[in-house]
Amino acid sequence: MSLAPDAHLLIIGAGLAGYYTARQMRTQGHTGPITVLGAEAHPAYDRPALSKAYLCGTTDLCDLYLDDPADPLDVRWVRSDAVVGLSTEPLGVRTASGTFYLGDAVVIATGAEARRLGGHAIRCVEDAAALRAAPLAGARVAVIGGGFLALETAATCTTRGAGSVTVIAGEELPGLRRLGQPVAQALHRLHEQHGVRFLGAARALSVTPAGHAEHPEHAEHPGSPEHVITLSDGRRIEADVVISAVGAVPATAWLTRSALALDPETQAVLTDDTGFTGIPGIWAAGDCALWAAQRTGLRPVGHWQETVDQAQALASAMLGGVPSPMQEPYLWSDQHHVTIQAAGMLALADEVQVLAGSIEAGDLLVSYLREGTEIGILGMNRLREVVRWRRARRIRPAALAA
Amino acid sequence: MFLTEEGTVHALDDTCTHQDASLAAGWVENCRVECPLHESTFSLRTGEVDQPPAKRGVRAHQVTVQDGEVLVELSTAVPQLPPGVEVA
Ligand SMILES: Cc1cc2nc3c(=O)[nH]c(=O)nc-3n(C[C@H](O)[C@H](O)[C@H](O)COP(=O)(O)OP(=O)(O)OC[C@H]3O[C@@H](n4cnc5c(N)ncnc54)[C@H](O)[C@@H]3O)c2cc1C
Ligand code: FES
């Protein structure tokens, strides 16, 4: 059943998924009122720059606003009021301030929260602002995590003049499990060339204030650091600044007692491949959700383009229009002036082939195959090649409808 | 500089207005170029942008083709550079 043109849509969460859902609803012709309820005090903003340009100090929060002040969406934004409960009968939500909002449909778009081991984390602009204000010049920085967010942050800390940057990636080479040997080697080399140090497969077990550490005499650095990180192999790493980038958990605590099905492992809202939860009128998209294809491992979780594509597919399903196809998954990352782009179903690959470039030059173009068929590509400063690969595989809405 | 499948020639500023990406590496279709990073597309004729994340268009320059030579008259408008990027 598609949404009536004058229906009131409630969107919970004013982040990327919330903004793009509102935008897609308008683009695809919805004329009824749209209310976006957000916990944050800011207008909806884009997060990728928080670990890059914003952290370097070259862009400011107002540069990251998603809505264009010169051409704003026809949407009512409610800020600084977190939603605390969902009601299915009548359909609506309750906020921390005690207000109840009735809606004809609800889109859950509350994103995720950083898992915090101690020290800094980067999920929202306050996190990034705290790290931006931290005295990084000359400091011993330790970054926990081996994903793109950790590597980007490590790169940014070198730009900011950190005295040393150590990454505790928890695997022999960063990205080895997800991206394969050649790319992991190239990333390792790229970062080492910029002075970043890796600690191999050891994992971080805990972060403690330096004064409270049990055996500070075993520490690797002299001086009086702020924190001590204990590793799984027994080593203790001292650091002035610790940043944990060890993944995120869906922001769904407010839904645990609702009728919605949550993933037992991650607590993400489970939906079909249009974002529909199975409960009439309730949909979910973005980092708080696990769509069917993500649950089976076909598609990645926690990336910008995934959220943008979901918003489009959700809006067309909700409005009963021509279905919007999900394109090949796509993600990018910027590290030390290298733009890394990956497209396709990398997680399913059983073989990795280097098509061009070298580990030494940091300009790899790598193909991912499954049973001999190419299913994905990754490029380091290979914008043309990645664009071409994605365009050749683009599914047009008409093709899906036919 | 862009040469379309139809044989027309266009000139735009190369840097996307969203971030520092080269539009020359983008995809050209229907007289628009799609940014190679986040899919905003710009008109090759006017430089105008169709969808976020970029909010502003790029400058389009006047191109004339004379006896096989491409002449470009640079726009006098102020370039729309992404935040944090300055004219070299
Ligand atoms: C630092 C950083 C860098 C990144 N870089 C890249 C990158 O380079 N490439 C890439 O592909 N992806 C990147 N990503 C991932 C991408 O930004 C996310 O996938 C995207 O932000 C997900 O959008 P979302 O709307 O689901 O969640 P969010 O953007 O987190 O938005 C959710 C919003 O909901 C609000 N909210 C939460 N709970 C409630 C509640 N109960 N009531 C009301 N509001 C609530 C939150 O405050 C937040 O404003 C990055 C993410 C981060 C954090
Ligand atoms: S850099 Fe061009 S759209 Fe983002």
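This one's a predicted model, so the numbers in the text were calculated from it and none came from an experiment.

### Considering the environment of Gly57 of chain B
Residues and elements named next belong to chain B.
- On the secondary structure map, Gly57 appears in the loop between β5 (41-43) and β6 (60-66).
- Along the primary structure Gly57 and Cys31 are separated by 26 residues, whereas in three dimensions their C-alpha atoms are 15 Å apart.
- Leaving out residues up to four positions away in the same chain, Gly57 has contacts with Thr17, Phe42, Gly47, Glu48, Val49 and Gln80.

### Regarding the site of ligand 1
Residues and elements named next belong to chain A.
- Around ligand 1, the surrounding shell holds 31 residues, and the nearest of these are Ala17, Glu40, Arg47, Lys52 and Arg123.
- The separation between an oxygen atom of ligand 1 and a polar side-chain atom of Arg123 is 2.7 Å.
- Here a nitrogen atom of ligand 1 and a backbone polar atom of Trp332 are 2.9 Å apart.
- When the free accessible area of ligand 1 is taken as 1000 Å², the share hidden by the protein chains comes to 92%.
- Listed by contribution, the elements that provide at least two residues to the shell around ligand 1 are α1 (16-27), α4 (148-159) and α8 (304-319).

### Overview of the UniProt feature "domain: Reductase C-terminal" (unreviewed entry) in chain A
- In the numbering used here, UniProt assigns the feature "domain: Reductase C-terminal" (unreviewed entry) to residues 330-392 of chain A.
- Counted over residues 330-392 of chain A, helix gives 16% and strand 52%. Its end C-alpha atoms are 14 Å apart.

### Structural notes on the interface of chain A and chain B
- Taken together, the contacts link 26 residues of chain A with 19 residues of chain B.
- Counting each side, the surface lost to burial between chain A and chain B is near 1800 Å², with a carbon and sulfur contribution of 52%.
- Salt-bridge contacts for Glu29 of chain B lead to Arg396 of chain A; the nearest nitrogen and oxygen are separated by 3.5 Å.
- Listed by contribution, the elements that provide at least two residues to the side of chain A that touches chain B are α1, α8, β20 (330-335), β21 (338-344) and α9 (383-392) of chain A.
- The biggest single contributor to the side of chain A that touches chain B is α9 of chain A, with six residues.
- Its residues placed into classes, the side of chain A that touches chain B shows nine nonpolar, five polar and 12 charged.

### Description of the packing of aromatic side chains
Residue and element names in this part refer to chain A.
- For the structure on display, the rule yields five aromatic pairs over all chains.
- For the pair Phe276 and Trp283, a centre-to-centre distance of 5.2 Å together with 50 degrees between the ring planes defines the contact as tilted.
- Residue Phe276 is classed as partly exposed on the basis of its relative accessible area of 26%.
- Given a relative accessible area of 9%, Trp283 falls into the buried group.
- For the ring pair Trp304 and Trp332, a centre distance of 5.5 Å and an interplane angle of 80 degrees mean the geometry is edge-to-face. With Trp304 in helix α8 and Trp332 in strand β20, the pair connects residues that are 28 residues apart, well separated along the chain. Here Trp304 matches Trp332 in class, with each residue buried.
- Its guanidinium or amino end placed over the ring of Tyr54, Arg132 lies 4.2 Å from that ring's centre, counting from NZ or CZ.
- For Arg178, the ring lying beneath its charged end belongs to Phe148, and the centroid distance is 5.7 Å.

### Concerning the UniProt feature "domain: Rieske" (unreviewed entry) in chain B
- Residues annotated in UniProt with the feature "domain: Rieske" (unreviewed entry) correspond here to residues 1-72 of chain B.
- The span residues 1-72 of chain B shows a helical share of 0% and a strand share of 36%, and its end C-alpha atoms are spaced 9 Å apart.

### Looking at the sheet that holds β20 of chain A
Residues and elements named next belong to chain A.
- With respect to topology, five strands assemble into an open sheet ordered β20-β21-β24-β23-β22, the strand pairing being antiparallel. Of all the strands in the sheet, the pair left with one neighbour each is β20 and β22 (351-356). For this sheet the average axis-to-axis angle between neighbouring strands, irrespective of direction, equals 20 degrees.
- Here β20 runs beside β21; their pairing, made up of six bridges, is antiparallel. Considered in β21, the bridge of Asp334 is made with Thr339.
- Of the strands in this sheet, β20, β21, β23 (365-370) and β24 (373-380) touch α9, which is tilted by about 15 degrees from β21.

### Observations regarding the sheet that holds strand β3 (residues 27-29) of chain B
Residues and elements named next belong to chain B.
- The strand order across the open sheet formed by three strands is β3-β4-β5, and the pairing between neighbours is antiparallel. At either end of the open sheet lies a strand with only one pairing partner, and these are β3 and β5. Mean inter-strand twist for the sheet, computed between neighbouring axes without regard to direction, equals 25 degrees.
- Of the pairings in the sheet, the one linking β3 to strand β4 (residues 32-34) comprises three bridges and is antiparallel in character. Within the sheet, the bridge partner assigned to Val28 lies in β4 and is Val33.

### Quick notes on the domain arrangement of chain A
Residues and elements named next belong to chain A.
- If you check the domain split of chain A, you get domain 1 (9-114 + 248-318), domain 2 (120-244) and domain 3 (337-401).
- Relative placement of domain 1 and domain 2: their C-alpha centres are 31 Å apart.
- Listed by partner, the interface residues are 19 residues for domain 1 and 16 residues for domain 2.
- Buried area between domain 1 and domain 2, summed over both chains or domains, comes out near 1500 Å², and the portion from carbon and sulfur atoms is 59%.
- If you sort the residues of domain 1 by the area they bury against domain 2, Ser51, Tyr54 and Leu55 come out on top, with a joint share of 38%.
- At the junction of domain 1 and domain 2, the tally comes to three salt bridges.

### Thoughts on the side chain of Asp67 of chain A
- The residue Asp67 of chain A is located in the loop between α2 (53-56) and β3 (76-78) in this model.
- For Asp67 of chain A, which is buried and forms no salt bridge, the nearest opposite charge comes from Arg23 of chain A, at a distance of 6.3 Å.
- Ignoring sequence-local partners within four residues, the contact set of Asp67 of chain A consists of Tyr19, Ala44, Pro72, Leu73 and Trp77 of chain A together with Lys55 of chain B.

Thresholds applied
- Residues numbered from 1 in each chain as written.
- Chains lettered and ligands numbered in written order.
- Predicted model: local features only at pLDDT ≥ 70, side-chain atom pairs only at ≥ 80, totals over all residues.
- Heavy atoms only, no water.
- Helix = DSSP H or I, 4+ residues; strand = E, 2+ residues; numbered from the N terminus.
- Contact = heavy atoms within 4.5 Å.
- Near = heavy atom within 4 Å.
- Polar contact = N/O pair within 3.5 Å; in protein donor to acceptor, adjacent residues only side chain to side chain.
- Areas by Shrake-Rupley, 256 points an atom, 1.4 Å probe, with all protein chains shown as cover.
- UniProt positions renumbered as here; feature names shortened; annotations may be inferred.
- Buried area = accessible area lost by both parts, 1.4 Å probe.
- Salt bridge = Lys/Arg side-chain N within 4 Å of Asp/Glu carboxyl O.
- Nonpolar A, V, L, I, M, F, W, Y, C, P; charged D, E, K, R; others polar.
- Phe/Tyr/Trp six-rings, centres within 6.5 Å; stacked < 30°, edge-to-face > 60°.
- Buried < 20%, exposed > 50% of the residue type's maximum accessible area, 1.4 Å probe, protein only.
- Lys NZ or Arg CZ within 6 Å of the ring centre and 35° of its normal.
- Pairing = 2+ DSSP bridges.
- Axes fitted to C-alpha atoms, helices over the stretch in contact; angles between N-to-C directions.
- Domains from an automatic or database assignment.
- Lys, Arg positive; Asp, Glu negative; His and termini not counted.

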